[in-house]
Amino acid sequence: MHATEATDIYFEHAADRLELPAWMRKLLKTPKREVTVQVVCEMDDGRVETFLGFRVQHDNARGPMKGGLRYHPDVDLDEVRSLASLMTWKTAVVDIPYGGAKGGIGVDPRKLSRKELERLTRGFVDEIHDMIGPDTDIPAPDMGTTCDVMAWIRNQWEKYHGFNPAVITGKPVEEYGAKGREEATGRGVGILAIKFLKRLGIKPEACRTAIQGFGNVGSHAAKYLHEAAFPIVAISDMSGCYYKPQGLNVPEMLRHALQNQGSLAGYRDAELLPADQLLSLDVDLLIPAALGGVITKDNVSSIKAKTIIEGANGPVFPEADALLAERGVTVLPDILANSGGVTVSYFEWVQNRQHYSWSLDRVRQELDRTLSEAFENVWQEAQRHRVSLRTAAFMIAISRVKRATELAGITGR
Ligand code: NAD
């Protein structure tokens, strides 16, 4: 199944409940603009390589479009299109004044030197600088991109358009970034996990948890949940699955990864299993926080967890989602679960525009408040309409984007 198809199926479930007319469905599903560019990059040894870069601007009814940039070999137009649409629903469900966009380059950043990565990034900005801007489309980090990449993008964009750090978020803190942005997505997963499990009557200390991915999202989620007394029994990254039924020493794993270019390879204080075995472990809570499309109709029968929180974008495909629902597994959907990152990106943009810097405490308080309100709204909507949390989140988001579209004068019949 293509990623866009999966997102559209979730959209349609909610649109059915909202009795949305066909013309409005088409309008809301179709991206405003899709761009593919050739990015030519001179490598350190003098070779010239060509990469494909993408930016999809999905919807701007509620404000400037917002969405990350992904550097990964699997990046293609379909994936970016699906992620751009998820951003529209994500910004709407947490009610921040943005639309949705996404972008990326089909490249394995680990195979490039730092200088090559910088040249590639600047070359990409040369191709798309007219499309992005603080009032039109504001990129941010995603898989494979860091705050340094954001700093290069800002610097290159400003060469064309002049000083305006609000053109991009996720910047280094000393370069107009927000305190707390780096931790925000994982921290948000943690904040929401506590609210979600409380509603389900599960105590943190009784909630054996497995986390797929130990990058930006997975590592900060692990840290937050470990500090909140969740027994984290398994964590995987590309090097394998680290399993310890008595509970992993998360601070030690964070230190290990920090000294090992982000990787858990060589970590000894746990049993080492094949990476994909994490999904089928006997745990209470499963947090996929790495790739999309990891739980499908082919492996869903092996999932034992009773609750899933989607730290990654699109980790559960619709057929699997339906089978999980039949088995009583509750899923907290990506558009809410990983919205902490875009929420603090919004705070960064606000601070840049005000030329004023917030304290870390203020960022954390505002994040907690925004996510708590969004969670309560989604939970109540799900109860009211007897639908899944995913359908409830999409219903809230679609209603808000529809209202903004109508207020812009598109009312139809
Ligand atoms: P990242 O590049 O920092 O980390 C990815 C992690 O996944 C790494 O630890 C990597 O080793 C691991 N991984 C890759 N393949 C794996 C596999 N087959 N099995 C187990 N682990 C594997 O990426 P990230 O920023 O943490 O993003 C992860 C997911 O969260 C993506 O889906 C992204 O779109 C989503 N997301 C990220 C943010 C953000 O602010 N970074 C915000 C919202 C959503």
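Check the entry above for the structure.
The numbers attached to residues start from 1 for each chain and follow its sequence in the written order. For a predicted model such as this one, the threshold for reporting local features is a pLDDT of at least 70, and the threshold for listing and counting side-chain atom pairs is 80 or more; totals across whole chains, interfaces and linings nevertheless cover every residue. To get the side-chain values, take all heavy atoms of the structure and skip hydrogens and water.

Numbering of helices and strands runs from the N terminus; a helix is a DSSP stretch of H or I covering at least four residues, while a strand is a stretch of E covering at least two. Broken down by element type, the chain carries 13 helices and twelve strands. Reported as C-alpha extents along the three principal axes, the dimensions of the chain are approximately 60 × 55 × 40 Å. For each residue, the accessible area found with a 1.4 Å probe, counting protein chains only, is set against the maximum for its type, and the residue is called buried under 20%, exposed over 50%, and partly exposed in between. A burial count over the chain gives 56% of its 413 residues as buried. Any two residues having at least one pair of non-hydrogen atoms within 4.5 Å are treated as being in contact. Within the chain, residue pairs in contact and separated by at least 24 positions form 68% of the contacts whose partners lie at least 6 positions apart. Areas reported here follow the Shrake-Rupley algorithm with a probe of radius 1.4 Å; residue values treat only the protein chains shown as occluding. Summing over all exposed atoms, the chain offers an accessible surface of approximately 17400 Å²; the carbon and sulfur share of this is 49%.

Time to look at the pairing of strand 4 (residues 99-106). With seven of its eight residues buried, strand 4 lies for the most part within the structure. Strands pair, by our definition, only if DSSP identifies at least two bridges between them. In the sheet, strand 2 (residues 48-59) pairs with strand 4 via six bridges, with the strands oriented antiparallel. Within the sheet, the bridge partner assigned to Gln 57 lies in strand 4 and is Ala 101. Two strands pair when backbone bridges link them, and strand 3 (residues 65-72) and strand 4 are joined in this way by six bridges, in the parallel orientation. Within strand 4, the residue paired with His 72 across the bridge is Gly 106. Crossover handedness is defined by viewing with both strands directed away from the observer: a clockwise path from the first strand over the helix to the second marks the crossover as right-handed. With helix 3 (residues 77-93) bridging strand 3 and the parallel strand 4, this β-α-β connection has right-handed handedness.

Let us now look at the environment of Val 401. Structurally, Val 401 is set in helix 13 (residues 389-407). The buried category is assigned to Val 401, whose relative accessible area is 1%. For the pair formed by Val 401 and Ala 92, sequence separation is 309 residues and the distance between their alpha carbons is 6.9 Å.

Close contacts around the ligand come from 22 residues, with Arg 70, Asp 142, Thr 185, Val 217 and Asn 313 the closest. When the ligand sits alone it has 830 Å² of accessible area, and the protein chains cover 83% of it. Elements represented by at least two residues in the shell around the ligand include exactly helix 6 (181-200), helix 7 (216-227) and strand 7 (232-237). For the shell around the ligand, a count of residues per class yields eight nonpolar, ten polar and four charged. Proximity is defined per residue: if any heavy atom of the residue lies within 4 Å of a molecule or strand, that residue is considered near it. Note on residue classes: Ala, Val, Leu, Ile, Met, Phe, Trp, Tyr, Cys and Pro are nonpolar, Asp, Glu, Lys and Arg are charged, and everything else, Gly too, is polar.

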